Amino acid sequence: MKSERARRFPAPRRGQLGFTLAFCLFSALLIANISGQTKWFDDLNLFAQPRFWPLVGLLFMTGCGLAYLYYLPWKTFSADDKSEALRWLGALEYAAWFLVYVLAVPIIGYLPATLVFMPAIVWRLGYRSSRYMWLSVVFGLATVLLFKTFLSVKIPGGMIYEFLPNGMRSFFLLNF
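Residues numbered from 1 in each chain as written. Predicted model: local features only at pLDDT ≥ 70, side-chain atom pairs only at ≥ 80, totals over all residues. Heavy atoms only, no water.

A short note on the overall build of the chain
The test is simple: Only DSSP runs of H or I with at least four residues qualify as helices, and only runs of E with at least two residues qualify as strands; both kinds are numbered from the N terminus onward. Our radius of gyration is a C-alpha quantity, and the globule rule it is checked against amounts to 2.2 Å times the number of residues to the power 0.38. To sort residues, take the accessible area from a 1.4 Å probe on protein chains only and compare it with the maximum for the residue type: under 20% means buried, over 50% means exposed, and anything in between is partly exposed. We call two residues in contact when some of their heavy atoms are within 4.5 Å. As used throughout, the charge tally considers Lys and Arg to be positive and Asp and Glu to be negative, leaving His and the chain termini uncounted. A charged residue contributes its charge at one atom only: NZ of Lys, CZ of Arg, CG of Asp or CD of Glu.
The helix and strand inventory of the chain stands at 8 helices and 0 strands. The order of helices and strands in the chain, counted from the N terminus, is α-α-α-α-α-α-α-α. Compactness check: the chain gives a C-alpha radius of gyration of 24 Å against a globular reference of 16 Å for 176 residues, more than 25% above the reference. Looking at the chain as a whole, 25% of its 176 residues are labelled buried. Of the contacts made within the chain by residues no fewer than 6 positions apart, 65% connect residues no fewer than 24 positions apart. Charge centroids of the chain, computed over 17 positive and 8 negative side chains, lie 8 Å from each other.

Now the structure itself:
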């Protein structure tokens, strides 16, 4: 039986319990790892310590998450919570696509990786006509040219470029 407070809760219910638990867990994990990410110096006062303000922020983050969890009018998962959590996890797919792209660039090079992954991600997003495929290739090529040629961003060449003849290899390493 729902309490009066749970029935009158103005916000949508779905996903709040899962989000709050994940938020508290993530902030506690960050607190547990703060000593490996920041330093504490003996000769500095408290407010000048590199660890002090991040720790204050993380403690506040954890405290707010725990307070929200405490005042949440329901403490059980529903089917709406599960479907909402699955939607959040679905976003991790695109992070995985990006990680595969980042891992592919040093192996096959910036240009080939971009020209493979741009149409692949456009296909995954549901734009499957040949028009969108060609637009993604043109956009990928323009992106590579903009970053490597015009902005002179130093991106390491792919290992696959080592198999090219000397003159072509240096051209590809510098421009693609």
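Some points on helix 5 (residues 79-108)
Here is the rule: Expected span of a helix: the number of residues minus one, times 1.5 Å.
Along its 30 residues, helix 5 runs 44 Å from first to last C-alpha, staying within 8% of the 44 Å computed at 1.5 Å per residue. Inspection of helix 5 places Asp-81, Glu-84, Tyr-101, Ala-104 and Val-105 among the buried residues, and these make up the whole buried set. Looking at the buried positions of helix 5, the neighbouring elements they touch are helix 2 (16-32) and helix 6 (110-124). Phi turns positive, to about 100 degrees, at Gly-109, one or two residues after helix 5.

Here we look at the packing of aromatic side chains
Where we set the bar: In summary, the pairing rule links any two rings of Phe, Tyr or Trp, Trp by its six-membered ring, whose centres are within 6.5 Å, and it sorts them by plane angle into stacked for under 30 degrees, edge-to-face for over 60 and tilted for everything else. Over a ring means this: the NZ of a Lys or the CZ of an Arg is within 6 Å of the ring centre and within 35 degrees of the ring normal.
One pass over the full model with this rule turns up 9 aromatic pairs. Here the aromatic rings of Phe-52 and Trp-53 are separated by 4.7 Å at their centres, their planes lie at 75 degrees, and the arrangement is edge-to-face. Ring geometry for Trp-97 versus Phe-117: centroids 6.5 Å apart, planes at 90 degrees, classification edge-to-face. Taken as a pair, Trp-97 in helix 5 and Phe-117 in helix 6 lie far apart in primary sequence, 20 residues in all. Over the ring of Tyr-132 we find Arg-131; its NZ or CZ atom is 5.4 Å from the centre of that ring.

Examining helix 4 (residues 52-71)
Let me state the cut-off plainly: Our arc is simply the arc of the directions from the helix axis toward the C-beta atoms.
Taking 1.5 Å of rise per residue, 20 residues should cover 28 Å, and helix 4 covers 28 Å from first to last C-alpha, within 8% of that figure. Within helix 4, burial applies to Phe-52, Leu-58, Thr-62, Gly-65 and Leu-69. Down the axis of helix 4, the buried set is contained in an arc of 160 degrees. They therefore lie on one face. Those residues of helix 4 that are exposed and angled more than 90 degrees off the buried face are Phe-60, Tyr-70 and Tyr-71. Where helix 4 is buried, its residues meet helix 2 and helix 3 (34-37).

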